[in-house]
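Architecture at a glance
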Amino acid sequence: MSVPQLPLSGITVISLEQAVAAPYATRQLADLGARVIKVERPGDGDFARRYDTTVHGHSSYFVWLNRSKESLTLDLKDPRGLEILHQLLDGADVFVQNLAPGAADRLGLGVDALAERLPRLIPCTISGYGTDGPWADRKSYDLLVQCQTGLVSLTGTAEETARVGISVADIAAGMYAYSGILTALYTRATTGRAHPVQVSLFEALAEWMSQPANYTRYGGSQPPRLGTQHATIAPYGAFTAADGKDVLFSIQNEREWIVLCADFLRRPELADDPRFATGSARVAHREELNAVVAERIARSDAAQVLKDLEGIGIACAGVNDVAAFLDHPVLAARGRWHEVGLPGGATAEALLPPADLAGLPARMDPVPGVGEHTEAILKELGRSGDDIAVLRAGGVV
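Below you will find a few notes about this structure. (Residues numbered from 1 in each chain as written. Predicted model: local features only at pLDDT ≥ 70, side-chain atom pairs only at ≥ 80, totals over all residues. Heavy atoms only, no water.)

**A few points about the side chain of threonine 125**
Tracing the backbone through its elements, the reader meets threonine 125 in strand E5 (residues 122-127). Owing to a relative accessible area of 11%, threonine 125 belongs among the buried residues under this scheme. Residues contacting threonine 125, with those up to four places away along its chain left out, are Gln97, Val111, Thr131, Val197, Gln198 and Val199. (Helix = DSSP H or I, 4+ residues; strand = E, 2+ residues; numbered from the N terminus. Buried < 20%, exposed > 50% of the residue type's maximum accessible area, 1.4 Å probe, protein only. Contact = heavy atoms within 4.5 Å.)

Shown next, in the form of structure tokens:
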């Protein structure tokens, strides 16, 4: 039985990438069948390889972000290395880079230079704060952007702010770069024109901040920090059951509020209480309402509370730590974990891509070692074994 061709089979992506944002974008392209050639520094490669050593000696970040790619090492400060990169770009469809500000232009890889030489190439630039404007030359990383967009001021408790526990700015930028590249590929296929793609970490996360921006601009103050609770919905958040375990639930509409009062709180009169009769009123009287809910939940253990809430159609859940998430019954029952090969022969469990395409297999090829595909790629470009040996001896690859 033949294996169906993946949607991006035949598309070649060259990526000068490091850290999280660009590798996340290109890994998703690789998931769909694109050939992704990751250009790394000779020797150490992408510095994200050394963020930690927790996955059988490899970085948890790198393993997540770099499966199904080929690794080519090139010293781009050497004219011979830069020549090889340009030769690769001659046959590529997409070029992705998240180099330091100005670095691509200095290498002759800026958008204008590439458009003039390779009009069908789609260049994608991922920056910190945009390629122009007052902060174009600033370096950035995830926490800085979380702070600059105001996200950190919303996260945590009334007493203390906190960063979001994952690289949310990088992930946002990687997602928009991925969707932008897909759009550019579609546009090129339908119009023949290649549109460059630009995404910044700051503007990607700024889009995600639109709701609190609206709330602050038009409400006169920003949403308060409330831990697991919600600035504009109540009841919402985690409550402690009799066995000390937390249960999280929220009321999303008036129908649910009426049901909660009658069938869970056993106080149907609260549905019409002026303090709680509307969503805005419940938020305004959050402390009084939370006290009522907390008293009810504290009478039963967490399993019983969850059963009672589910029985009346209220969305609810326990609060997992990461270890519990790893064993989540949904992931197990739906077969979402898949083994991926690592450099050196070990394997690691990785989640399948979240977008299932009916009838198409998921691509879950190994994570490459530094420069693992260098020789094969150079031979594709017509380099002989002697040529490659000279390049290696000179530290070019």
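**Quick word on the pairing of strand E3 (residues 70-73)**
Here E3 shows two buried faces, one formed by Glu70 and Leu72 and the other by Ser71 and Thr73. Bridge count between strand E2 (residues 35-40) and E3: 4 bridges; the pairing is parallel. Residue pairing in the sheet places glutamate 40 in a bridge with threonine 73 of E3. Crossover E2 to E3 through helix H2 (residues 60-65) is right-handed. (Pairing = 2+ DSSP bridges. Right-handed = clockwise from strand over helix to strand, strands pointing away.)

**Let's talk about the layout of surface pockets**
Looking at the largest pocket, its volume works out to about 1200 Å³. Considering the residues around the largest pocket, the lining is formed by 38 residues, among which Arg27, Trp64, Arg67, Leu351 and Leu352 are closest to the centre. For the lining of the largest pocket, the elements supplying multiple residues, two or more each, are helix H1 (21-31), H2, helix H8 (168-191), helix H15 (322-326) and strand E11 (347-351). Split by residue class, the lining of the largest pocket holds 27 nonpolar, 4 polar and 7 charged. (1 Å grid on protein atoms, 1.4 Å probe; cavity = no way out; pocket = protein on both sides within 12 Å on 5 of 7 lines; lining within 4 Å. Points joined across faces, edges and corners; volume = space filled by probe spheres on them. Nonpolar A, V, L, I, M, F, W, Y, C, P; charged D, E, K, R; others polar.)

**So, the sheet that holds E5**
Taken in spatial order, the 6 strands make up an open sheet running E3-E2-E1-E4-E5-E6, and their pairing is parallel. The strands lining the two open edges of the sheet, one partner per strand, are E3 and strand E6 (197-200). Here the strands of the sheet are splayed against their neighbours by 20° on average, with no regard to which way each runs. The strands that helix H9 (residues 201-208) touches are E5 and E6; relative to E6, the one it contacts most, it runs at about 70°. (Axes fitted to C-alpha atoms, helices over the stretch in contact; angles between N-to-C directions.)

Limitation: the analysis is restricted to geometry and does not speak to function.
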